[in-house]
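Here is how the chains run, residue by residue.
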Amino acid sequence: MLALKSESSSFPFYLSYFLYLFEISYFQTMLRNFDTPFGKFSVEVYDGSIRRASFDEIDAYSDILQNGAQAISQLHRYCSPLRLQPQGTPFQLKVWNCIGGVISGKTSTYKEIACKMGCSSAVRAVASALSRNPIAYLIPCHRIIRSDGQTGGYRWSSSRKKMILNFESTHATPGSG
């Protein structure tokens, strides 16, 4: 077999081409969009892990979408085999990991999360870390509320946070907690 040399590599041409195809198929970034009861939801997957997920602007249909539970179930089926791999500071990663235990239909407070992490005075730092969560909904920062019972802020809008909490309190969402 004739092994052609690539100008940019010391590998034989056919091996360089194989590595190129492998890199494209294995490390390709994929973007998948879902219609949810809370608006369009985009999931970015890189190297088999979810790196980002976000909501688009709220549009008129989002609060009326039929089959909301079915749409959320479809989202969970797609995402459940994938690892969540957010990028953040060590403190942010610790906060995001900690809130993963708050199950669907339940809430916790910023203060409870800070105490659970052993940093009871870090309530504002916890809130700040949650505001920088790059993986909407799947890292359930929407389930963290203020100690006075108010929902507090949400990176993808406070009204959407209320919609999600209301939906989760009335629908079982498989695999979300």
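Quick caveat, the model's predicted, so the values are computed rather than measured. All chains use their own residue numbering, which begins from 1 and follows the written sequence. Only residues with pLDDT of 70 or above have their local features reported here, since the model is predicted, and side-chain atom pairs are shown and tallied only from 80 upward, although totals for entire chains, interfaces and linings are computed over all residues. The side-chain numbers reported here are obtained from all heavy atoms of the structure, hydrogens and water having been left aside.

**A word on unusual backbone geometry**
This is how it is decided: Only DSSP runs of H or I with at least four residues qualify as helices, and only runs of E with at least two residues qualify as strands; both kinds are numbered from the N terminus onward. Only protein chains enter the accessibility calculation, which uses a 1.4 Å probe; a residue is then buried when its area is under 20% of its type maximum, exposed when over 50%, and partly exposed in between.
You will see that Asp47, though not glycine, has its phi angle at about 55°, which is positive. Checked against the element boundaries, Asp47 lands in the loop between β2 (39-46) and β3 (49-55). A positive phi angle is found at Ser157, which is not glycine, with a value near 100°. A relative accessible area of 26% means that Ser157 is categorised as partly exposed.

**Things to note about the side chain of Ser42**
The line we're drawing: Only heavy atoms enter the contact rule, under which two residues are in contact if any of them lie within 4.5 Å.
Looking at the secondary structure, you find Ser42 in strand β2. Once residues within four sequence positions are removed from consideration, Ser42 is found in contact with Leu31, Arg32, Asn33, Arg52, Ala53, Ser54 and Asp56.

**With respect to helix α6 (residues 158-170)**
Threshold: Helix span is expected to be 1.5 Å times the residue number reduced by one. Directions from the helix axis toward the C-beta atoms define the arc.
Its 13 residues place the ends of α6 19 Å apart at the C-alpha level, agreeing with the 18 Å of an ideal helix rising 1.5 Å per residue. Taken as a whole, α6 has its buried residues at Arg160, Lys161, Ile164, Leu165, Phe167 and Glu168. Taken down its axis, α6 places every buried residue within 165° of arc, on the same side. In α6, the exposed positions that point more than 90 degrees away from the buried face belong to Asn166 and Thr170. Tucked inside the fold, the buried residues of α6 contact β2, β3, α2 (68-79), α4 (110-116) and β6 (144-145).

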